[in-house]
Amino acid sequence: MKAIEVLYTRHLKRTSCREGIIEVMMAAEQALSENEIRERLSGNYDRTTFYRSFKTLEEHKIVHKIVIDNQIVKFALDNSITNKKEHAHFYCNYCHTVMCLESVSVQEIQLPEGFTEAEKEILIKGTCADCKNIQT
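Throughout this document, residue positions are counted from 1 along each chain, in the order its sequence is written. The predicted origin of the model limits local features to residues at a pLDDT of at least 70 and limits the giving and counting of side-chain atom pairs to 80 or more, whereas totals for whole chains, interfaces and linings rest on all residues. Excluded from the side-chain calculations are hydrogens and water; all other atoms, namely the structure's heavy atoms, are used.

How should I be thinking about the nonpolar core in this particular structure?
Note that soluble globular proteins tend to have their nonpolar side chains buried in a common cluster. Among the nonpolar cores identified, the biggest contains 22 residues, and Ile-21, Ile-37, Leu-57 and Ile-62 are the most heavily contacted of them. Among the secondary structure elements, those contributing two or more residues to this core are helix H1 (3-9), helix H2 (16-27), helix H4 (47-59) and strand S2 (72-77). Comment: elements are numbered from the N terminus, with helices defined as DSSP H or I runs of at least four residues and strands as E runs of at least two. For this core, the element with the most residues is H2, which contributes five residues. Every residue in contact with Ile-37, bar those within four places of it in the chain, is listed here: Ile-21, Val-24, Met-25, Leu-32, Phe-50 and Phe-54. Grouped together as the second largest cluster of nonpolar side chains are six residues, Ile-68, Ala-76, Tyr-91 and Val-98 included. Among buried residues, the Ala, Val, Leu, Ile, Met, Phe, Trp, Tyr and Cys ones that are joined through side-chain atoms within 4.5 Å form a nonpolar core. With a 1.4 Å probe rolled over the protein chains alone, any residue whose accessible area is under 20% of its type maximum counts as buried; one over 50% counts as exposed, and the rest are partly exposed. Here, residues are in contact when the closest pair of their heavy atoms is within 4.5 Å.

In structure tokens, the structure reads:
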């Protein structure tokens, strides 16, 4: 799916900034911070335009937030866009990348009666294969 199609399916107006953000995230092999997205985004958008566009994409569940230790925030395309199943994320303590672990599925959890799930997130922290190879 192309960025313009993503916007169309979510009934959002096409802007070059929104389209660019989605394209950057589609090309990325890992979750990115807002700054990393801005650095890769072609076009010179002012801060307000960028953040409004980004917030709209988040509100319409095109991107989702991955928070590590209440300090580091990364973003990835939502599973509904990528057609991925719910999966875990991996945070490397050395290179600070966040990547999707599509092979690690998120299990259904039976909550006690009266409880309602809003979201669930599995974050595994450790050393990625690249950093492990460097250390050995």
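Can you walk me through the side chain of Lys-74 in this structure?
For Lys-74, the position within the fold is in strand S2. Within the local environment of Lys-74, its side chain forms a polar contact with the backbone oxygen of His-96, the two atoms lying 3.5 Å apart. Apart from the residues within four sequence positions on either side, Lys-74 is in contact with Ala-31, Leu-32, Ser-33, Glu-36, His-64, Lys-65, Ile-66, Ile-68, His-96 and Val-98. For the purposes of these results, a polar contact is taken to be a pair of N or O atoms within 3.5 Å, where, inside protein, one atom must be able to donate a hydrogen and its partner to accept one; residues adjacent in sequence count only when each atom of the pair is a side-chain atom.

Is there a simple way to explain the layout of surface pockets in this structure?
The probe, sized like a water molecule, is rolled over the atoms to show the empty space still left. Any residue with an atom within 4 Å of a point lines the site, the site being either a cavity, points on a 1 Å grid over the protein atoms alone where a 1.4 Å probe fits but cannot get out, or a pocket, an open set with protein on both sides within 12 Å along at least 5 of 7 lines. Grid points are joined across faces, edges and corners, and a volume is the space filled by probe spheres set on the points. Estimated volume of the largest pocket: approximately 530 Å³. His-64, Lys-65, Asp-78, Glu-119 and Lys-120 are, among the 18 residues lining the largest pocket, the residues nearest its centre. For the lining of the largest pocket, the secondary-structure elements that each account for two or more residues are strand S1 (63-68) and strand S3 (87-92). Broken down by element, the residue count for the lining of the largest pocket peaks at five residues, all from S1. For this classification, the nonpolar set comprises Ala, Val, Leu, Ile, Met, Phe, Trp, Tyr, Cys and Pro, the charged set comprises Asp, Glu, Lys and Arg, and every other residue, Gly included, is treated as polar. Per-class residue counts for the lining of the largest pocket are six nonpolar, four polar and eight charged. The calculated volume of the second largest pocket comes to roughly 240 Å³. Lining the second largest pocket are 17 residues, and of these Ala-28, Gln-30, Ala-76, Lys-84 and Cys-100 sit closest to its centre. Going through the elements one at a time, H2, S2, helix H5 (79-82) and strand S4 (98-105) are the ones with two or more residues in the lining of the second largest pocket. The greatest single-element share of the lining of the second largest pocket, amounting to three residues, is contributed by S2. The residue makeup of the lining of the second largest pocket, split by class, is nine nonpolar, five polar and three charged.

Keep in mind these numbers describe shape, not what the thing actually does.
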